[in-house]
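Structure at a glance
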Amino acid sequence: MKSVIVGTAGHIDHGKTSLVKALTGIDADRLEEEKRRGITIDIGFAHLELPGARLGFVDVPGHERFVRNMLAGIGGIDLVLLVVAADEGIKPQTREHFDICRLLAVRRGMTVLTKADMVDRETLGVVRMEVEEFLRGSFLDAAHAPIVAASATTGQGMEDVKRELARLAAEAPARDSSALFRLPIDRVFSMKGFGTVVTGTLISGAVSKEEEVEVFPSGQRARVRGVQVHDQPVERALAGQRTALNLAGIEKDQLTRGMTLAAAGLFRPTLRIDVSLSLLDSARPLKDRSRVHFHAYTSEVVAEIVLLGHDDYRLQPGEQIIAKELAPGETGVARLRLSEPVLLLPGDRFILRQLSPVVTIGGGEVLDVAPQESRSHSAEASFISGLARCSPAESLRARITARGDRGMTLAEAVATTGIRQAEIEKLIPSLGSTRRVANVLLAELALGNIESSLPGVVEQFQRQNPLAPGMNIQELRGRLREVLPEVFDAVLAQVIREGKLELLGDLVRVPGRGAQLRDEESESKEIIERAFATAGLKVPALKDVLASLKVDRARAQKIVTLLLRERVLVKLADDLVFHRHALEQLRARMGEEKTRSPQIDVARFKELTGVSRKYAIPLLEWLDRERVTRRVGDVRVIL
Ligand SMILES: Nc1nc2c(ncn2[C@@H]2O[C@H](COP(=O)(O)OP(=O)(O)OP(=O)(O)O)[C@@H](O)[C@H]2O)c(=O)[nH]1
Ligand SMILES: [Mg+2]
């Protein structure tokens, strides 16, 4: 059956809790102090089964001092039950709660004129007119949302309220149980024999017994030992249900209202968000850099507001924002810096309250939970006001494009959109001009840029380092710092396949272009090569050969490196270098020696080759490494 959350709203003492009790039989005032004072202090809960829907009620306090508690309850509701006492009419918290519902984009609900038994028909008629006037043009406009007179005391109108609620619940779109789950925590307690229990409204997805969950922002993990919905144990709670979870592996004092439970290992809490925000008509102008209370679902932190512009801004490149304040009734785009990290996703709604006096001044929608720091305000303003107007697929594409050469990993796409990876993978083909390389999503343009820049970077390197036979891959990678390793590898492989670059060991080069020597370098190279070629195994010290050259030490060293790379010279130890041919001859000689004797010792080796012990040992060790010989005690077996 469909599950729908109904929140109450309205001024203190207007009969919200009494109405919920008359409807459900449950007293949502659960605190001793509430019963004593006869007012609601914190949110309370009740439930009711109606034909076609299960309603979970969140009853909120009307007292102006407890609006923050009201906010903790109202965040996840589907329908609002606006309560106005017939004997009092519209009062300050009727307005404030109603403003909050509008700012949170609550789309459905009804109005109940309670305490109808307290007034005569004429007064009821006047209040109804006042309420209709108040609601005109809003989502609760009497033209399409019911206004029902009722009394919790006499029971009058209760059946009408139930009927209308059932109808509204049937119309309300079902929340997405297949999405990734999030549960903003509104209560934490421990129960004897059970341990830690948290409750909240499951705003999306589903959570099952034995599931591993992550606590945000702390990052702790816990295991779901048990799930309850409306006091009944179940295997799985679904979006739109009031949910209680019994958690293993976490203590009560590690959890508090305002934290969020979510699927483990996918999300990251954020300290900076880009938003669209609207200021209430009743608010004072909002100055840039103002500090305010920020409420989203059950969380509450302080936020500094950096105004970026008005929502209809169409900034020209380079244009700066002139407006440094937002006027009452205006909507703008802004960056919020939060005092503590909060788990938020695009589309989440929030409320802003002034620091002092604490009144609701506005609210809006989260557009980007991982905004880029580097962009100018004006660029950011156009970017996010664009986001405010687009579909999830379009906004994902915009985010990917905005990340340029770096692109966005699939994991980042999940963390910053809340969309499951499988869904994102399905979306990719429809994103247009977006490509997937390994696990990274990139704008086609960015990918093209990387592809076309690689040969140029290598070409330039080889031009600047003519003695280098190519560019080291790691160095090339370093030049494209933005590009993620898996993209770099894939693009390089592609460019090599296309024959635009060539790979030699760990060097990349322009096809066919090795080291390019100048005259005196070529001459030096020949001198070195000749010196070793003619020396056979009785090689000169490398440093003596280099000292005799015309070129400076650094260049001489590069030429040697080149000869070693080309395998003309082979280095057996520091300052001990042989010509390839000399070593090949030695190898052949060992073959001949084997026909004479299967073994050879150092003395015989010295005799055979005419070298001193200083050279004999490294040469024999080289032969061992080359598997021409194998050392057995003091002798070597020729293989
Ligand atoms: N006569 C009459 N009294 C009512 C009715 N509904 C509520 N009351 C009385 O009005 C008082 C306040 O009712 P509550 O239901 O606690 O009001 P509330 O809106 O929940 O108040 P807060 O939660 O503190 O904002 C109580 O004394 C109720 O008995 C009604 O329909 N008729
Ligand atoms: Mg109450």
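Residues numbered from 1 in each chain as written. Chains lettered and ligands numbered in written order. Predicted model: local features only at pLDDT ≥ 70, side-chain atom pairs only at ≥ 80, totals over all residues.

1. Some points on the site of ligand 1
What counts here: Each residue gets a C-beta atom placed from its backbone. Should that atom fall within 6 Å of a molecule or strand, the residue is termed near it. Put simply, DSSP marks the helices as runs of H or I at least four residues long and the strands as runs of E at least two long, and each gets a number from the N terminus on. Under the scheme applied, nonpolar residues are Ala, Val, Leu, Ile, Met, Phe, Trp, Tyr, Cys and Pro; charged residues are Asp, Glu, Lys and Arg; polar residues are all the others, including Gly.
The immediate surroundings of ligand 1 are formed by 21 residues, with Gly-15, Thr-17, Ser-18, Thr-40 and Gly-62 found nearest. Per element, the largest residue contribution to the shell around ligand 1 is three residues, and it comes from helix α1 (residues 16-24). Taken together, the residues that form the shell around ligand 1 break down as five nonpolar, twelve polar and four charged.

2. Describing the confidence of the model for the chain
To keep it simple, the criterion reads: Think of pLDDT as the predictor's per-residue confidence, scored from 0 to 100. We call two residues in contact when the distance between their C-beta atoms, placed using the backbone, is within 7 Å.
Per-residue confidence for the chain gives a mean pLDDT of 90; residues scoring 70 or more make up 97%. Across the chain, the secondary-structure element scoring lowest on mean pLDDT is helix α7 (residues 377-387), at 74, and the one scoring highest is strand β4 (residues 79-85), at 98. Across residues 311-320, where pLDDT falls below 50, the model places 15 contacts with residues more than four positions away in sequence or in other chains.

3. Focus on the pairing of strand β30 (residues 569-573)
Applicable threshold: Paired strands, as defined in this entry, are two strands with at least two bridges between them according to DSSP.
Two elements, β30 and strand β31 (residues 576-579), share four bridges in a ladder whose sense is antiparallel. Opposite Ala-573, over in β31, you have Leu-576 as the bridge partner.

4. Considering the sheet that holds strand β26 (residues 440-443)
Neighbouring strands of a sheet are bound in pairs by backbone hydrogen bonds; such pairs are parallel or else antiparallel. Across the sheet, three strands lie side by side as β24-β26-β25; this open sheet has antiparallel pairing. Edge positions in the open sheet fall to β24 (408-409) and β25 (434-437), since each of these has one partner strand only. The pairing of β24 with β26 spans two bridges and is classified as antiparallel. Its bridge partner lying in β26, Thr-409 is registered against Val-440.

5. What to know about the environment of Ile-39
Where we set the bar: Here a residue counts as buried when 20 or more other C-beta atoms sit within 10 Å of its C-beta, as exposed when there are 12 or fewer, and as partly exposed otherwise, the C-beta atoms being derived from the backbone.
Within the secondary structure, Ile-39 is located in the loop between α2 (32-37) and β2 (44-50). For Ile-39, a count of 16 C-beta atoms within 10 Å puts it in the partly exposed group. Residues Ile-39 and Ile-12 lie 27 residues apart in sequence; the distance between their C-alpha atoms is 7.6 Å. Those residues within four positions of Ile-39 in sequence are excluded, and the remaining contacts are Ile-12, Glu-34, Pro-61 and His-63.

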